[in-house]
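Coordinates in review
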Amino acid sequence: MATQPKHDVIIIGAGIIGLAIAHYVQQTGRKVTLVDRKGVAQEASFGNAGAFALADIFPLASPGIIRKAPKWLLDPLGPLSVRPQYALNIVPYLLKFFRASWPDQYRKSIVAQSALLDLAASEVDRMAQIPQIGNQIRTDGALHLYESEREFAASQSSWQARQEFGIEFEHLDATRLADLQPGLSNHIKRATFIPKWQTVNDPFEFAQTLWRMVQQDGSNLVEQEVKAISKAGEVMLTNGDMLSGNHVVVAAGAWSNQLAKQVGDHIPLESERGYNTTLPVNAFDLKRQLIFGEHGFVMTPLSTGIRVGGAVEFAGLDAAPNFKRSEIMLQKAKRFLPDLKTEQGTQWMGFRPSLPDTLPAIGKSARTPNVSYAFGHGHLGLTQCFATGKLMAELIEGQTPLLDLTPFNPSRF
């Protein structure tokens, strides 16, 4: 076993969260070593929907999801599913999930999520001033689409809540909708437009750009799997090397809780497996991201194609993908956009790291002072990456973070 010279800040995970932390930590004058078993942005950061979803203040654990869940769970290809063979494994998580959906906790989660998204918005704006980052961000807005007046009416309480938290939106008439997105079928009855919604040209290229920036500023990458973290904060790799650092940040996405457990922190992380298909650029003239909330999927125009994806599947980290889920979403998309060309698509499945209350874990280990956690961002990893980077840099420097981190305490469960 080889012990390398002591490192300064070791970040386990080179996805968008780890890269953003590296950027902010470097701005404080610290040296960063990233460790990832596959390389830069090879997991959830590779194939996500590509949005800065700054209006998504609502936790997945909500009274609404509890009402819809029984119907959805009866459909193995629906927006939310649990593989039967995984059902027993996930019971403890689901119990915490249901508790988080109670009105008292739900409201607290909305307030915390909104605060984190406010910080994210300001940090996205700041980072967009860097040309190589800003050139990849588009502010085209997004459309929430509804199949019926009933569905639209049911959404009104959520829009009122967004208005309370300062989110701009516009309910559309048919003419305005046709201007914003031609080619929708008559299955769409109503829509709401979020004008400040932003997307990136391509999430993988965006992450690669951030990597090139932190690399130029002195970060290096160790492409090895982490086998263990000691209670002293030493990082053992599968090749036998040992990395010792002044501070270790676990930002390994859906695999993070396995590492946290080794230093004595038990954090109820699960993977919300998400599926998508990326169609060729010319598959449809998509003007902006479309959100089909009742069906749990979105469509995003990227520089690399049109991405149709979403849904939530609980099946753990080892089960083979079920790409019928991707095919179902594509069929639904075709129903809503009749001229969509659904051929020659590339299917993908990724692991969203999610905690029961939909809030990430951001904070220090309860057991090991020089280990911190930054994971569990669920559907909002890209959205919250810069806010998380800033908060972690402040924690590592011993500063009081801009945000009250109590709701994100890794030990809150």
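Moving on, we come to the sheet that holds strand E12 (residues 235-237). Backbone-to-backbone hydrogen bonds join strands into a sheet, with any given pair of strands oriented parallel or antiparallel. Across the sheet, which stays open at both edges, the three strands sit in the order E11-E12-E13 with antiparallel pairing between neighbours. Among the strands making up the open sheet, the edge pair consists of strand E11 (226-229) and strand E13 (242-243).

Here we come to the layout of surface pockets. Once rolled over the atoms, a probe with the size of a water molecule shows which space is left empty. As a volume, the second largest pocket reaches approximately 450 Å³. Contributing to the lining of the second largest pocket are 23 residues, with Tyr86, Asn257, Gln258, Leu269 and Glu270 lying nearest its centre. Looking at the lining of the second largest pocket, the elements that each hand over two or more residues are helix H3 (87-100), helix H10 (256-262) and strand E15 (270-279). The element contributing the most residues to the lining of the second largest pocket is H3, with four residues. Among the residues forming the lining of the second largest pocket, the class breakdown is eleven nonpolar, seven polar and five charged.

Aromatic rings considered in pairs are described by the distance between their centres and by the relative angle of their planes. Taken as a whole and assessed by the stated rule, the structure comprises 14 aromatic pairs. Taking the centre distance of 5.4 Å and the plane angle of 70° together, the rings of Trp255 and Phe351 count as edge-to-face. Linking Trp255 in the loop between strand E14 (245-250) and H10 with Phe351 in strand E19 (residues 346-354), this pair joins segments that are 96 residues apart in sequence. Judged by relative accessible area, which is 11%, Phe351 ranks as buried. Among the aromatic side chains, those forming a connected cluster through ring pairs are Tyr93, Phe97, Phe98 and Phe314. Over the ring of Trp255 we find Arg37; its NZ or CZ atom is 4.5 Å from the centre of that ring. Over the aromatic face of Trp159 sits the side chain of Arg162, whose NZ or CZ is 4.3 Å from the ring centroid.

It is worth spelling out the pattern of salt bridges at this point. Taken as a whole, this structure holds 17 salt bridges when the rule is applied. Between Glu123 and Arg126 there is a salt bridge, with the nearest N and O atoms lying 3.1 Å from each other. Here Glu123 pairs with Arg126, and both are found in helix H4 (residues 103-127), just three residues apart, close to one helical turn. Three or more residues are tied together by salt bridges with common partners; here these are Asp8, Arg30 and Glu397.

Glancing now at the sheet that holds strand E5 (residues 137-138). Pairing is antiparallel in the open sheet, where three strands are placed in the order E3-E9-E5. With one partner strand each, in any of the chains shown, strand E3 (51-52) and E5 form the two edges of the open sheet. Here E3 pairs with strand E9 (residues 198-200) via two bridges, running antiparallel. Bridge pairing links Phe52 to Gln198 in E9.

Rules used throughout
Residues numbered from 1 in each chain as written. Predicted model: local features only at pLDDT ≥ 70, side-chain atom pairs only at ≥ 80, totals over all residues. Heavy atoms only, no water. Pairing = 2+ DSSP bridges. Helix = DSSP H or I, 4+ residues; strand = E, 2+ residues; numbered from the N terminus. 1 Å grid on protein atoms, 1.4 Å probe; cavity = no way out; pocket = protein on both sides within 12 Å on 5 of 7 lines; lining within 4 Å. Points joined across faces, edges and corners; volume = space filled by probe spheres on them. Nonpolar A, V, L, I, M, F, W, Y, C, P; charged D, E, K, R; others polar. Phe/Tyr/Trp six-rings, centres within 6.5 Å; stacked < 30°, edge-to-face > 60°. Buried < 20%, exposed > 50% of the residue type's maximum accessible area, 1.4 Å probe, protein only. Lys NZ or Arg CZ within 6 Å of the ring centre and 35° of its normal. Salt bridge = Lys/Arg side-chain N within 4 Å of Asp/Glu carboxyl O.

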